[in-house]
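# Working through the structure, step by step
The residues making up each chain are set out below.
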Amino acid sequence: MGNAPPTSDALRPTDMDPVARRYAQALTEEAQATDQLEAVDADVAVLTDALAGSRELRQLLGSPVVSRAKKEAVLTRLLDGHVGDLTARFVHLLVSKQREGDLADVLAAYSALRDERTGTVEARVHTAKPLSADEAERLKAALEAQAGAAVRMDLVVDPSLIGGMVVRVGDVVYDQSVKHQLETLRGQLIERAAVSLN
């Protein structure tokens, strides 16, 4: 895999908003104390997906115009039967403290703290077409061997890549996409054309 310049959009514990970190730490400690870490990890994934998939929900939670009672009612419907009691109580606590607009940041901070705790590295994998289960497993094994740590993959299909893949692990990007190769080739041809004109 070819190395591209390092980037730094992965959330690290030192980059977290202090308020989000404090709430995430409180949730982590309560989950540990009640032996519910795995359940809360799963709940956080459910809530993260729900927020990512609903612009309306994000707007509702962030709106100062929507009443706290309406936000509570929407969240109760969203949470009921989908997450455990501890997670549901935690989300309602955020609303009571007028921190519901910070929910996405708190969930991201919780995930970053979990990864730090478990020694897990996140890999964002963009492919031109979906990977088969076997391809995803082989890629995960290769990334774990290279990273020397457990890897959690976030798979994204991006047809604009034409073929190949772009993998981001921490601050390092490996770009093996056809799109990148064509852009590199185009740049080399333009450079050669410019040299031959001189």
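Residues numbered from 1 in each chain as written. Predicted model: local features only at pLDDT ≥ 70, side-chain atom pairs only at ≥ 80, totals over all residues. Heavy atoms only, no water.

## Examining the packing of aromatic side chains
Applying the stated rule across the entire model yields one aromatic pair. With a centroid separation of 6.4 Å and 70 degrees between ring planes, the pair formed by Tyr 23 and Phe 90 is classed as edge-to-face. Of the two residues, Tyr 23 sits in helix 1 (residues 18-33) while Phe 90 sits in helix 5 (residues 85-96), which places them 67 residues apart along the sequence. The two residues Tyr 23 and Phe 90 agree in class, both being buried. (Phe/Tyr/Trp six-rings, centres within 6.5 Å; stacked < 30°, edge-to-face > 60°. Helix = DSSP H or I, 4+ residues; strand = E, 2+ residues; numbered from the N terminus. Buried < 20%, exposed > 50% of the residue type's maximum accessible area, 1.4 Å probe, protein only.)

## Things to note about the confidence of the model for the chain
Averaged over all residues, the pLDDT of the chain is 88; the fraction at 70 or higher stands at 92%. Element-level pLDDT for the chain is lowest in strand 1 (residues 3-4), with a mean of 38, against a maximum mean of 96 in helix 5. Residue range residues 1-10 is modelled with pLDDT below 50. Its contacts to residues more than four positions away, or to other chains, number 22 contacts. (pLDDT = per-residue confidence, 0-100. Contact = heavy atoms within 4.5 Å.)

## Re the packing of helix 4 (residues 68-79) against helix 5
Helix-helix packing: each pair is described by the crossing angle between the helix axes and the interaxial distance. Relative to each other, helix 4 and helix 5 sit at 165 degrees, their axes nearing to 10 Å. In terms of their interaxial angle, helix 4 and helix 5 are classed as roughly antiparallel. Considering the relative orientation of helix 4 and helix 5, their crossing is right-handed. Listed contacts from helix 5 to Arg 68, Glu 72, Leu 75, Thr 76 and Leu 79 of helix 4 are Ala 88, Val 91, His 92, Val 95 and Ser 96. Within the contact of helix 4 with helix 5, the residues separate by chemical class into five nonpolar, three polar and two charged. (Axes fitted to C-alpha atoms, helices over the stretch in contact; angles between N-to-C directions. Parallel < 35°, antiparallel > 145°, perpendicular 65-115°, else oblique. Left-handed = near helix turned anticlockwise from the far one by under 90°. Nonpolar A, V, L, I, M, F, W, Y, C, P; charged D, E, K, R; others polar.)

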